[in-house]
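# Observations on the three-dimensional arrangement
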Amino acid sequence: MLAYVKGSLEIKTKGYIVVETNGIGYKIFMPESTIEKLGAVGEKIKIFTFMRVREDDVSLYGFLTNEELRMFELLLSVSGIGAKGALTILSNITPSQFALAVISNDVGMLKKLPGIGPKTAQRTILELKDKLKKEQEIAVSTEEESSFQEAILEDEKVSEAVSALQVLGYSKKEIVQALEKVDMKSLSVEDIIRKGLGNLAKGV
């Protein structure tokens, strides 16, 4: 599996890009919103990738951040959502907004997304929250909770943000470390999620 591709941006068009590295051009399908964020053709870029292998097709999907990649993988795990649908969803909602919608049971937010009707929105929330619950049960038996971790989770707003970050695949231990130095009193849940993602990306 390819974790990422780093090289020169050779083609930038609707739905995909081509990155050349060591004389090989990789065609990488990406969300439209992500393609728009890329620089000009000829610039050096690094794209996190997901390789999808089927009997009749091998495709490469790309993302600017690990959070986008994690969200794409989560969407693929939901029954009824394919790769193209997942890319379309990623083009219309950020990972932090998506995770918050799942945790807060915001069916209204999800059903506004292209390709997601009310039933798919409900199924997405149900399946991902069920997956999160199982992971949390495993974590409880394998992780010791620090005093800070216990304190931080007493705040409903912070607890919701922590759960949302867990939806995106981070462990409670990683999240607590990322939020430990964040002043969260005046922040909204989504702002806390964004701060946490920023620190997680830096390895704080």
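The rules behind each value
Residues numbered from 1 in each chain as written. Predicted model: local features only at pLDDT ≥ 70, side-chain atom pairs only at ≥ 80, totals over all residues. Heavy atoms only, no water. Helix = DSSP H or I, 4+ residues; strand = E, 2+ residues; numbered from the N terminus. Buried < 20%, exposed > 50% of the residue type's maximum accessible area, 1.4 Å probe, protein only. Areas by Shrake-Rupley, 256 points an atom, 1.4 Å probe, with all protein chains shown as cover. Salt bridge = Lys/Arg side-chain N within 4 Å of Asp/Glu carboxyl O. Pairing = 2+ DSSP bridges. Axes fitted to C-alpha atoms, helices over the stretch in contact; angles between N-to-C directions. Parallel < 35°, antiparallel > 145°, perpendicular 65-115°, else oblique. Left-handed = near helix turned anticlockwise from the far one by under 90°. Contact = heavy atoms within 4.5 Å. Nonpolar A, V, L, I, M, F, W, Y, C, P; charged D, E, K, R; others polar.

## Side note on the overall build of the protein
Check the secondary structure of the protein and you find 10 helices and 5 strands. The buried share among the 204 residues of the protein stands at 43%. Accessible surface for the protein amounts to roughly 11,200 Å². Of this, 50% is attributable to carbon and sulfur atoms.

## Overview of unusual backbone geometry
Despite not being glycine, Asn22 has its phi angle at roughly 55°, a positive value. Counting through the fold element by element, Asn22 comes out in the loop between strand E2 (16-21) and strand E3 (24-29). With a relative accessible area of 77%, Asn22 lands in the exposed category. Despite not being glycine, Asn105 has its phi angle at roughly 55°, a positive value.

## Comments concerning the pattern of salt bridges
Counting across every chain of the model gives 2 salt bridges. The residue Arg194 makes a salt bridge to Glu190 at a minimum N-O spacing of 2.7 Å. Note that Arg194 and Glu190 are positioned in helix H10 (residues 189-202) at a spacing of 4 residues, about one turn of the helix. The exposure class of Arg194 is partly exposed, given its relative accessible area of 45%. Two residues, Arg194 and Asp191, come together in a salt bridge whose shortest N-O distance is 3.7 Å. Of this pair, Arg194 and Asp191 both sit in helix H10, 3 residues apart, which is roughly one turn of the helix.

## A closer look at the environment of Glu156
Note on placement: Glu156 falls in helix H8 (residues 156-167). Overall, Glu156 belongs to the exposed group, its relative accessible area being 67%. Separated by 33 residues in sequence, Glu156 and Val189 have C-alpha atoms that sit 9.5 Å apart.

## Regarding the environment of Val53
In this fold, Val53 is placed in strand E4 (residues 44-54). Each C-alpha atom of the pair Val53 and Met1 lies 10.0 Å from the other, and the pair is 52 residues apart in sequence.

## Remarks on the pairing of E3
Across 6 bridges, E2 lies against E3 in antiparallel orientation. By the bridge assignment, Tyr16 is partnered in E3 with Phe29. Hairpin remark: E2 followed by E3, antiparallel, with 2 residues in the connecting loop; positive phi at Asn22, about 55°.

## Here's the deal with the environment of Lys172
By the element assignment, Lys172 lies in helix H9 (residues 172-179). In this structure the C-alpha to C-alpha distance between Lys172 and Val162, which are 10 residues apart in sequence, comes to 7.2 Å.

## Some words on the pairing of strand E1 (residues 4-13)
If a strand is regular, its side chains alternate between the two faces of the sheet. The sheet contact formed by E1 and E4 spans 5 bridges and is antiparallel. If you follow Gly7 over to E4, its bridge partner there is Ile45. One ladder, built from 5 bridges, connects E1 with E2; its direction is antiparallel. For Ile11, the partnering residue across the bridge sits in E2 and is Val18. Connecting E1 to the antiparallel partner E2 that follows it, the hairpin turn spans 2 residues, and Gly15 within it adopts a positive phi of roughly 95°.

## Describing the packing of helix H2 (residues 66-76) against helix H3 (residues 83-90)
Orientation of H2 relative to H3, taken along the N-to-C sense of each, is 135°, at an axis distance of 9 Å. Relative to H3, the element H2 lies oblique. In the packing of H2 onto H3, the handedness of the crossing is right-handed. Residues Glu68, Met71, Phe72, Leu75 and Leu76 of H2 touch H3, and the partners they reach there are Ala83, Ala86, Leu87, Ile89 and Leu90. Looking at the contact of H2 with H3 residue by residue, the class counts come to 9 nonpolar, no polar and 1 charged.

From the geometry alone we can't say anything about function, so treat these as descriptive.
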